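# A look at the structure
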Amino acid sequence: MDGADADTDTLLAILSSLLHPKEFREKVLLDALVNAEGDVEAAARYLRSEPPKKRRKLSGQNNIQSWLKGASAAPEASTSAAIPSHGDEKRPSSPVRPKAAELQTATPGRSTGSPKKPPSNVKNVTNSELMAMLRPPNSSDGQAFKPSVPRLPPLTLSTPEMVAEHTPCTLHHSILPPELACRLYYTMLHASRDWKRNKWWLADRVVESPHRTSFYIRGARDAHSSDDMKEAAQYWYNGRQTDAPPAFPPPMEEACQIIERVVNEEMRKRKRFPLEWGGYPAAEGEEPLLWRANVAASNCYAGAKESVGFHSDQLTYLGPYPTIASLSLGVSRIFRLREVVPLDERDKRAARTYNIPLRHNSLIIMHASTQEVYKHAVPAQSSIDMFHPPFPPPPELSEDKDVLARLQEASNARINITFRFYRPDFNSRTTPKCRCGVPCILRPDMKNRYEESSARGSTPRPPSNSGATDKAEVGTSRNTSTPRPPSAKKSIVAKYWWTCYAGAQNDGKGCGLWRVMDVKAEGRGPFVGDIADLQLVP
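Reference entry: report on the structure contained in this document. All residue numbers refer to positions counted from 1 along the written sequence of the respective chain. Residue-level local features of this predicted model are given only where pLDDT is at least 70; pairs of side-chain atoms are given and counted only at 80 or more, and the full residue set underlies all totals for whole chains, interfaces and linings. Calculation of side-chain values draws on the structure's entire complement of heavy atoms; hydrogens and water are dropped beforehand.

The next thing to look at is unusual backbone geometry. Residue Gly525 is joined to Pro526 through a cis peptide bond whose omega torsion reads 10 degrees. Comment: elements are numbered from the N terminus, with helices defined as DSSP H or I runs of at least four residues and strands as E runs of at least two. By the element assignment, Pro526 lies in the loop between strand S19 (514-516) and strand S20 (535-536). Here Tyr321, not a glycine, exhibits a phi torsion of approximately 50 degrees, which is positive. Mapped onto the secondary structure, Tyr321 falls in the loop between strand S7 (308-311) and strand S8 (324-330). Phi at Asn361 is positive, roughly 65 degrees, even though this residue is not glycine. In this fold, Asn361 is placed in the loop between strand S10 (353-358) and strand S11 (362-366). Note on classification: 1.4 Å probe, protein chains only; a residue is buried when its accessible area is under 20% of the maximum for its type, exposed when over 50%, partly exposed between these limits. For Asn361, a relative accessible area of 5% gives the class buried.

What follows is the structure, given as structure tokens:
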């Protein structure tokens, strides 16, 4: 039917009656008539084959890649395709929405004469589609939902009981007589003027420790041991060779004797780990000496901003499961502990941070397994309370009265002395060297640990792929059968390894040497446990 003699309203009414019972919006009917050049029947044929358009539901799988693919492919419907005139039964791909100017000038049965645009590869997209493409996938997109592990808030351990409950450490307040603590503080603060900030390579640049440090050795029992301690101490920090360290000053030796007794008493109360040092032989009727401090690393934190980040101490000369006694003098600072969660537990729980305030004349003992399970730090603080020494400085420190007067002034410095036991079976002569010619360092595999045995006569086993076997712990808990408390941590390390550390000082370049420690082949021991069947090899 040619609508050349009918007006637009009449054509729309006729087209609508031909399409009954289907209903189309007037805008769609008008578009069809324009593209059919006023032919009502041609417009009706097209619209019968084209169902009424519904609002397209956005797919949850829309993304940038599918949109780009759709834009580069040939479009399913050209925006300029026209409905064929009489006799052409080929279905057009899509009607074109006429411009406002075309609707005003178009008349039934007469072409507007507008040039037809070629198909475009540009795909228009609505705001809703764009947001669907850019949003991250979620469970509604078919992705498996993985619940996040809740983070635990930091916990402050302000009493010795809380420290013992949550960590493998013990806290002791007022460990030294007050006068001795103050005299040792003055001695170390005066000496700290000559201490150095350690430097090492990290991430292609030289970094400097945010505190000063020094090293001391205790008077050895023989000349051979003294020489060995000096050689070991030269590489004690970040692989940097230093001068031979000085001996303990008299106040430090006096304090060390007190601390040594306390540490041995605490160690006798605790269960022992198989790879701990077996102890020195004792005379009949005497308690064996389990721990003897022979070196001390000293640190000075001047002000609230001086700090040290999370780390675990190198075990090169300490050996596995060491005990370290850390004495605090001067201002109170926070000592922070955080567990290294094993790989097989990271999707189940998060590490918790423990803050332990350490005031003047307090001792925290990091017992066996602390270096294998935790990392520790002294964080920067926003503010600190000044320390006012309660006793005057000893006059033998300096003949200059002005120096003594300045020492007695209120101070913002904390002196930290960590007493350590360098094991005789991990002396410098037995430390392997890498291809760089520098002593290797010993580190535990903190991320792969397993649970200690608690049943009588049982043998704990590491994961099947760890390649290590072990025996039960030796100590007060060996003959008891106690269930593992919920807060207990996996404390048995599957293996230790020697690794090159020359890169810390050699412009960041090392040889990359890495090998697992074999205690039998290296002649280590004696250990607490029976090492006849102990193999720490892959």
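As for its placement among the helices and strands, Asn355 is situated in strand S10. Taking relative accessible area as the criterion, Asn355 reaches 12% and is therefore assigned buried. Along the backbone, Asn355 and His376 are 21 residues apart, and their C-alpha atoms lie at a distance of 9.9 Å. Here, residues are in contact when the closest pair of their heavy atoms is within 4.5 Å. Setting aside chain neighbours within four positions, we find Asn355 in contact with Pro154, Leu155, Thr156, Leu157, Ile334, Phe335 and Arg336.

Turning next to the sheet that holds strand S1 (residues 155-156). For two strands to be treated as a pair, DSSP must find no fewer than two bridges joining them. With mixed pairing, five strands are arranged side by side in an open sheet as S1-S10-S9-S12-S7. With partners counted over all chains shown, the strands left at the sheet margins are S1 and S7, one partner each.

In this section: the pairing of strand S6 (residues 295-302). Within S6, seven of the eight residues are buried, leaving the element largely enclosed by the surrounding structure. Here strand S5 (residues 212-217) runs beside S6; their pairing, made up of six bridges, is antiparallel. Of the residues in S6, the one forming a bridge with Arg212 is Cys300. Where S6 meets strand S13 (residues 413-420), eight bridges bridge the pair, whose relative direction is antiparallel. Each residue of the ladder has a partner; that of Ala302, found in S13, is Ala413.

So, to be careful, I would describe these as geometric facts and stop short of saying anything about function.
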